Amino acid sequence: MNEPLILDENRFFDSDPAIRRIARDLYQGVKDLPIVSPHGHVDPKLFSQNRPFPDPAELILIPDHYIFRMLYSQGIKLESLGIPTIDGTPVATDHRRIWQIFAENYYLFAGTPTGVWLNHELSVIFGIGEKLNGDSAMRIYDMLSEKLLSPEFLPRALFERMNIEVLTTTDGAADTLAEHQAMRDSGWKGRVLPAFRPDAVTNLANPGWQKAIEELGAICGFEIDSYARFITALEQRRAFFKQMGALSTDQGVESPWTQELSPVEAEKIFQLARKGQVGKPEADRFTAHMIMEMARMSIEDGLVMQLHPGALRNHNQAIYHRFGPDKGCDIPIQTEYTRNLQPLLNKYGNDPRLSLVVFTLDETSYARELAPLAGHYPAMKLGPSWWFHDSIEGMTRFRQQVTETAGFYNTTGFVDDTRAFPSIPARHDLARRIDANFLAGLVARHIIDLSDARRVSRALAYELVKQTYKL
Amino acid sequence: MNEPLILDENRFFDSDPAIRRIARDLYQGVKDLPIVSPHGHVDPKLFSQNRPFPDPAELILIPDHYIFRMLYSQGIKLESLGIPTIDGTPVATDHRRIWQIFAENYYLFAGTPTGVWLNHELSVIFGIGEKLNGDSAMRIYDMLSEKLLSPEFLPRALFERMNIEVLTTTDGAADTLAEHQAMRDSGWKGRVLPAFRPDAVTNLANPGWQKAIEELGAICGFEIDSYARFITALEQRRAFFKQMGALSTDQGVESPWTQELSPVEAEKIFQLARKGQVGKPEADRFTAHMIMEMARMSIEDGLVMQLHPGALRNHNQAIYHRFGPDKGCDIPIQTEYTRNLQPLLNKYGNDPRLSLVVFTLDETSYARELAPLAGHYPAMKLGPSWWFHDSIEGMTRFRQQVTETAGFYNTTGFVDDTRAFPSIPARHDLARRIDANFLAGLVARHIIDLSDARRVSRALAYELVKQTYKL
Amino acid sequence: MNEPLILDENRFFDSDPAIRRIARDLYQGVKDLPIVSPHGHVDPKLFSQNRPFPDPAELILIPDHYIFRMLYSQGIKLESLGIPTIDGTPVATDHRRIWQIFAENYYLFAGTPTGVWLNHELSVIFGIGEKLNGDSAMRIYDMLSEKLLSPEFLPRALFERMNIEVLTTTDGAADTLAEHQAMRDSGWKGRVLPAFRPDAVTNLANPGWQKAIEELGAICGFEIDSYARFITALEQRRAFFKQMGALSTDQGVESPWTQELSPVEAEKIFQLARKGQVGKPEADRFTAHMIMEMARMSIEDGLVMQLHPGALRNHNQAIYHRFGPDKGCDIPIQTEYTRNLQPLLNKYGNDPRLSLVVFTLDETSYARELAPLAGHYPAMKLGPSWWFHDSIEGMTRFRQQVTETAGFYNTTGFVDDTRAFPSIPARHDLARRIDANFLAGLVARHIIDLSDARRVSRALAYELVKQTYKL
């Protein structure tokens, strides 16, 4: 017999009884609120097609770089885990074997949010009652496989069962949003919205930039042969996205540096890029300028503006060349906000029409830069702890380092940012528990009283995110 | 009926009973010690004139950028809060209406030190028994207004009731210290001391530098037309400040970079400044040099030297141009100490005559740079968590990150650094509670014993600050 | 009668009973495991000669810059503590008097790891029952002196009593390892291993570089007049060290910057160094290259590679010139890993033959850079909290900031890195307690269960360090 998998009802709460009692009370008040997921990377095809998930490895492991990077770090080849290659290298195809490897190494996830989320998925979504390990691997594989064939485990059924009020995808500037259209046409009531992410065309250093610009021109119906047309194309696509229900845009940038170019400079750099002659400094200046431009457009069309800086993408070139991007080798770098955002915030930060949500991978900026900025500029809100910091300790540090300067109401509430659809309830449940626990700590120390805590608790779990994202 | 405002006697202590019991015990031993406030920005006119505070908005909100920046961050215009403009833009003058806006948005301060201090002020200083919100706003306004007219709420009476042993103001190099003289002449026993802050004349990039130099020359009685005379003027003013009771100097600088210039270089840059031709690099080099010079002078005249680096002032230019400086838009920047202070510490850091108190807005420097420096150089002491970090979590992080390397005795004890006079007891009470709680955590984990904790507790609350500032 | 010195059996555990109970349980399971010390600075002469320690001051204070830097920071001259000078300045020789000064100022260590370790040493190793202070100083001095003369307090006897399985020293590239040979020849069973640290010859900016290269040539038996011969010499010495039992190498560098030079460039810089004409930029490039080379060699010969970056050595030049290096004036600097290690990790980080252990003095890199890197690259492991951060709060921050991204199994377990031999058991006991307490916190919050915690606890206390260092 294997060890039981039990989710304690007090999990993640402080063990001090005074705090735990209050945390539980606050959590009870928010745990059943609908899930609002205003930014993430779930594939809209899941819901337009509504086909069964193929098998446990395909559902849980193969698309989730949070999982396979940890296995890789311990010397397990990605090929042996069935991660698809782009260079033709063959990979393992026996998904039972892949699952077995995963299960045997599942102990590596002890103390990580991935471990916590997976336990939640297995237990709550799939009703698994034993811990995953080498011994239980095949039993659990079989149980999961069977469930995945039943109608209750189709994507739309899961979406509804998960009590998701809104789910946002992330879509390129040239995306037709055909999957979103298909969802609408199907008459399905689930609210899945696109979001506009133009990185492929705004980042001139992107090796596929010329192809991306061609695609953008194709969908716009005119050749993008000038900076002015480029801007027109973006504005046109934003309008289309908005019409398709989009509420927000997003930019993933190495640095949050902002600086406006003159039209002449912008045109000059744009033409260099067209000729494939743009260097890193020019590309960086163009990105700095395009962050400014996106703010201007947001003020004009009302889309919420998100900024995700600070990841050095594809750090491990060998993995990148064999497997492509998003394979667990993006590594954070130090990120400066005070000086970098000054041009943007000076031009647009006092404008109430702008809603700018800033994220960070550099926790040193929380108390030093981001909380003071969000605690002053009306246009700026601070997104929650992100990616590596979307975790129990990470969320706790976020609140500890942000709240005293920015308060609660200059933060946005939780954003899951996941591509792992079945982990969404686990992530929101975790966030609600941690926020409840943080507030309970304030109440137990008489920093705020219980009635204030209840008000804030509801704001963090549900209201702030709807307000920030204009839902 | 409104919600009651209650200050729990165990507030801010850990809820774990083992820690709370010890924290309370330690706090009892220090809570009634006199307040020593060796650095701050209270206006000396309060005490030379001893006039009643005009009204609650004028007392609490309008002078305190900690408060109105938070309201501004949520879209409330500073004009609507009666913050005076320098560009002639009219502002709200109905202070009851201003107070009402403040009260309706008071929930924004949940979990912030400002909220905690205000509750203390309202409850302890003014005897208010209900929470401030939109409903109670006018009742509380009326109660406060009435109290402000009574003799016990005159500045000097409050000063005495607050049990303040010493209060230090911050005064420019050209200040006549007339208010301090008037206090002396009045025979009042309250000890309010000036401190010498020459930023307006040492920072050549200050737009008002030429005017400031003229004023300095005027008060010195000679034209400051050379670097040598500039130094003479500073030395002369320091001597005057010292004679008027000053114990310390202060410099607010963007970077703590120190580097000595040759007399020829110093003269050259000084003459450029006189012609209005100094650039940012020269101004920075001059500041770096003037930090060295201030250390030299401190060794000669015995004044304690304070250094406050790391704020990028007036980040929001629109606010700066309309409202002037100190309006909640100074934003911290990353600050390096190890290399920047090396020239200063190599020249003067081994000299027992120097007492250099260093502050930071960059918490990453606590454990990495400042604790190792203060834990080695005899001349250097570490000031407490400052400004944005003068808070429950901020003070806790300070002790957690500094103590293991620098111990307690290389820190200075609490410095409130406030311009909000009625918040002083709240701030000191909070600091004493947090230090008691931190020590209690050490005792509860058997890291130190109770008798050591008592000794340290008294040092942190009272003795160290007197020792550091040579009181 | 003096105050008793009591080590509580629950020391360093959280005072919350739920956590403390589990922490104690986990600690019981690991407290008697043998000590594995894979990196440190204990003098091998202690064990080859096995002579009695001369006296308490000589044993505890004089060699330990953790101790005397704190005394120095409070204005106590190093000369008065008997710290030997290199410039001929006379120093105090009365060790009873030195011990008295130390004892009178022992209160400075309240809340520091040094205080905690010393109490452990006095109580557990020497059976002292009263607290050290001015009153007890001479009594304790006499008791210690007496014990040091008895056979049980000879170095080898202590080594055995301490239950040390392996102790590693740190040895220069030109070291004959004669002391290690003498130990082997003596037939003593204690396992004391050398480690290869070539900083003196790889750092071209070292003022003694030419002498160091000559010594290296002398021991290799050929003149090192070219870069190629330099590499041959290093490879030869590594082979010798390995034959003498070495398992690892170490490099102490200011920055972890890595970059490969072409053979021509390497030769050119090497020849500049031979002529004494190398500048800081060339020396830095050479160091960056030598880190790459050391990784290549490690892949070839299997030695574990350690990297210790981020200390600005000898910050206080006055102390350095009078007393030499390692006198408590090395100060950490900000350290970047993501970009700096990219060349190394791209070339060698996917190679399972490499075991690279990275340390840091910059805690901001834990969650932002090092955990993501160690949580991805198979060759890289993260060393424990180091030097200033080898402390209760430091270790706790390490686990809190590293675990959620890198898990436990990409860390190495505890490394004491000490030159204070009698503090070794105190340091390992502390580390085991803190890890037990951290795990207990996870169990109490139901993040992991007790059986997982037991497994991890044993790994952290014993197994991981053996695995990482190939023991």
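Calculation rules
Residues numbered from 1 in each chain as written. Chains lettered and ligands numbered in written order. Predicted model: local features only at pLDDT ≥ 70, side-chain atom pairs only at ≥ 80, totals over all residues. Buried ≥ 20, exposed ≤ 12 C-beta atoms within 10 Å, placed from the backbone. Helix = DSSP H or I, 4+ residues; strand = E, 2+ residues; numbered from the N terminus. Pairing = 2+ DSSP bridges. Domains from an automatic or database assignment. Contact = placed C-beta atoms within 7 Å. Nonpolar A, V, L, I, M, F, W, Y, C, P; charged D, E, K, R; others polar. Least-squares fit on C-alpha atoms with pLDDT ≥ 70 in both. Axes fitted to C-alpha atoms, helices over the stretch in contact; angles between N-to-C directions. Parallel < 35°, antiparallel > 145°, perpendicular 65-115°, else oblique. Left-handed = near helix turned anticlockwise from the far one by under 90°.

Draft legend 1. The arrangement of the pairing of strand β6 (residues 248-253) of chain A in detail. Residues and elements named next belong to chain A. In terms of burial, β6 is a largely internal element, 5 of the 6 residues being buried. Inspection of the sheet shows β6 paired to strand β7 (residues 304-309) by 6 bridges, in the parallel sense. Its bridge partner lying in β7, V253 is registered against P309.

Draft legend 2. Main features of the domain arrangement of chain A. Residues and elements named next belong to chain A. What the domain assignment reports for chain A is domain 1 (17-53 + 155-468) and domain 2 (54-153). One C-alpha centre belongs to domain 1, the other to domain 2, and the line joining them spans 27 Å. Taken residue by residue, the interface counts 23 residues in domain 1 and 27 residues in domain 2. It is helix α19 (residues 424-444) that contributes the most residues to the side of domain 1 that touches domain 2, 5 residues altogether. For the side of domain 1 that touches domain 2, the per-class residue count stands at 11 nonpolar, 5 polar and 7 charged.

Draft legend 3. Spotlight on the relation of the copies chain B and chain A. The two copies are related by a screw motion: chain B maps onto chain A through a turn of 120° and a shift of 0.0 Å along the axis, at an RMSD of 0.0 Å. Such a combination of turn and shift is consistent with a three-fold rotation axis. Within chain B, D16 of chain B has its C-alpha nearest the rotation axis, a separation of 3.6 Å. Here only 5% of the contact residues of chain B are again contact residues in chain A; the copies associate through non-equivalent surfaces.

Draft legend 4. Summary view of helix α5 (residues 95-104) of chain C. Burial in α5 of chain C covers these residues: I98, W99, I101, F102 and A103 of chain C. Taken together, the buried residues of α5 of chain C touch α3 (56-61), α4 (65-73) and α7 (137-148) of chain C.

Draft legend 5. Representation of the interface of chain B and chain A in the model. Between chain B and chain A, the contact holds 43 residues from the first and 41 residues from the second. Those elements that place two or more of their residues in the side of chain B that touches chain A are α4 (65-73), α6 (113-125), α15 (317-323), β9 (331-332) and α18 (392-406) of chain B. With 4 residues, the top contributor of residues to the side of chain B that touches chain A is α4 of chain B. When grouped by side-chain class, the residues that make up the side of chain B that touches chain A number 19 nonpolar, 16 polar and 8 charged.

Draft legend 6. The sheet that holds strand β4 (residues 192-193) of chain A, seen in detail. Residues and elements named next belong to chain A. Here we have 3 strands laid out as an open sheet, ordered β1-β2-β4, and parallel in their pairing. The open sheet terminates on both sides in strands that have one partner only, identified here as β1 (35-37) and β4. With 2 bridges joining them, strand β2 (residues 164-168) and β4 adopt parallel strand pairing. From the neighbouring strand, T168 faces β4, where its bridge partner is L193.

Draft legend 7. Just the packing of α6 of chain B against helix α19 (residues 424-444) of chain B, in detail. Residue and element names in this part refer to chain B. With their axes 8 Å apart at the nearest point, α6 and α19 run at an angle of 120° to one another. Regarding the angle of α6 to α19, the classification is oblique. Once α6 is placed against α19, the crossing between them reads as right-handed. On the side of α6, the interface is formed by V116, W117, H120, E121 and V124, while α19 contributes P425, A426, R427, D429 and L430. Looking at side-chain class alone, the contact of α6 with α19 contains 6 nonpolar, 1 polar and 3 charged residues.

Draft legend 8. Representation of the packing of helix α19 (residues 424-444) of chain C against helix α20 (residues 450-468) of chain C. All names here are of chain C. Running from N to C, α19 and α20 point in directions that differ by 160°, and their axes come no closer than 10 Å. Regarding the angle of α19 to α20, the classification is roughly antiparallel. Seen from above, α19 lies across α20 with right-handed handedness. Here R432, D435, A436, L439, L442 and V443 of α19 lie close against α20, whose contacting residues are L450, A453, V456, S457, L460 and A461. For the contact of α19 with α20, the per-class residue count stands at 9 nonpolar, 1 polar and 2 charged.

Draft legend 9. Just the interface of chain C and chain A, in detail. Across the contact, 41 residues belong to chain C and 44 residues belong to chain A. Those elements that place two or more of their residues in the side of chain C that touches chain A are α1 (17-28), α16 (342-348), α17 (364-374), α18 (392-406), α19 and α20 of chain C. With 7 residues, the top contributor of residues to the side of chain C that touches chain A is α17 of chain C. When the residues that make up the side of chain C that touches chain A are grouped by side-chain class, the tally is 17 nonpolar, 15 polar and 9 charged.

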